[in-house]
Every structure is written in structure tokens, then in C-alpha cells.
Amino acid sequence: MDGAAGLTALLDSVNAEDTEGFLDAFTDDAVVDDDGQFYQGLLQIAEWNTRRVIGLHVRLRPVPAPSPGGGLLVEVRAAGTVERSRVTAHWRLDRVEHLEVRAVPAE
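Analysis parameters
Residues numbered from 1 in each chain as written. Predicted model: local features only at pLDDT ≥ 70, side-chain atom pairs only at ≥ 80, totals over all residues. Heavy atoms only, no water. Salt bridge = Lys/Arg side-chain N within 4 Å of Asp/Glu carboxyl O. Helix = DSSP H or I, 4+ residues; strand = E, 2+ residues; numbered from the N terminus. Buried < 20%, exposed > 50% of the residue type's maximum accessible area, 1.4 Å probe, protein only. 1 Å grid on protein atoms, 1.4 Å probe; cavity = no way out; pocket = protein on both sides within 12 Å on 5 of 7 lines; lining within 4 Å. Points joined across faces, edges and corners; volume = space filled by probe spheres on them. Nonpolar A, V, L, I, M, F, W, Y, C, P; charged D, E, K, R; others polar. Phe/Tyr/Trp six-rings, centres within 6.5 Å; stacked < 30°, edge-to-face > 60°. Contact = heavy atoms within 4.5 Å. Polar contact = N/O pair within 3.5 Å; in protein donor to acceptor, adjacent residues only side chain to side chain.

Per an unreviewed UniProt entry, the protein chain carries the name SnoaL-like domain-containing protein and comes from Kineococcus radiotolerans.

Now the structure itself:
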């Protein structure tokens, strides 16, 4: 799976609130860096997912715009707010080894 297809599948699992599919996208020793907060391994990533992602019923939509610094620009909707983040994934075989999420300041 290439990076773009893998990120699309990851977004789809979040939007479907598919926790199992979301966690299956990561290696056992993966790291998530959410604006400087680090979560390592599936247990911590599952807890992060519950507190900050699927547990908040987040909805993600790719934004058709260039993302400075690489990655995928996504619109994040949760609890009536809309924000943008840049999501970058580093892959080992077909799974995410390192996921970086950075808030993008409003224009």
C-alpha cells in the first residue's frame, strides 16, 4: 500500500469509527506524535484514539490543497468545531510506523 492509499484508508477507518481497523493500520511499536504529545505502541495509541480521535466522533476530510512540508492536509470536525491539521505517515511495509499530526493555523 502506498502512502496516499494508506492515509485514505486510515481516514476512512476514523470516519467509520472503526477502532479495530484504525489500530490494525499501525505497527506494534508505532509512534504517534500529536502536536508534540507522543504515544508509543498500540496500547497508548488506542488510549489516544479513545481520548482524541474516534472517542470524540472526529470526522476527517482531505483538503484539496498543497500541504507545505508534505503530508496530507485534512479538515478535522469535532464537537461543532472545524480545524485543519497536516498528517504525515511513515510506513513499514503496509503499516504506519510513525504518524505525525500538526495543527495548521487558520488563514
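There's more to say after this.
Turning our attention to the pattern of salt bridges. By the definition in use, this model includes 9 salt bridges. Its salt-bridge partner being R52, residue D34 comes within 3.3 Å of it at the nearest N-O pair. Here the residue D34 occupies a position in strand 1 (residues 26-34), and R52 occupies one in helix 3 (residues 41-52), the gap between them amounting to 18 residues. A relative accessible area of 9% means that D34 is categorised as buried. For E75, the salt bridge is made with R77, and the minimal N-O distance between the two is 3.0 Å. Overlapping salt bridges, with partners in common, bring together D33, R86, E100 and R102 in one network.

The next thing to look at is the layout of surface pockets. Put simply, the largest pocket is a space of about 490 Å³. Lining the largest pocket are 24 residues, and of these R52, V58, V76, S85 and V101 sit closest to its centre. Breaking the lining of the largest pocket down by element, the ones donating at least two residues are helix 1 (3-15), helix 3, strand 4 (72-78), strand 5 (81-92) and strand 6 (95-104). Here the lining of the largest pocket is built from residues that sort into 18 nonpolar, 2 polar and 4 charged.

Counted according to the given criterion, the structure contains 3 aromatic pairs. What links up through ring pairs into an aromatic cluster is the set F22, F26, Y39 and W48.

Okay, the environment of R77 next. For R77, the position within the fold is in strand 4. Spatially, the C-alpha atom of R77 lies 5.1 Å from that of R59, the residues being 18 residues apart in sequence. Sequence-distant contacts of R77, that is, excluding residues within four places in its chain, are made with H57, V58, R59 and V82. Separated by 3.0 Å, the side chains of R77 and E75 make a polar contact.

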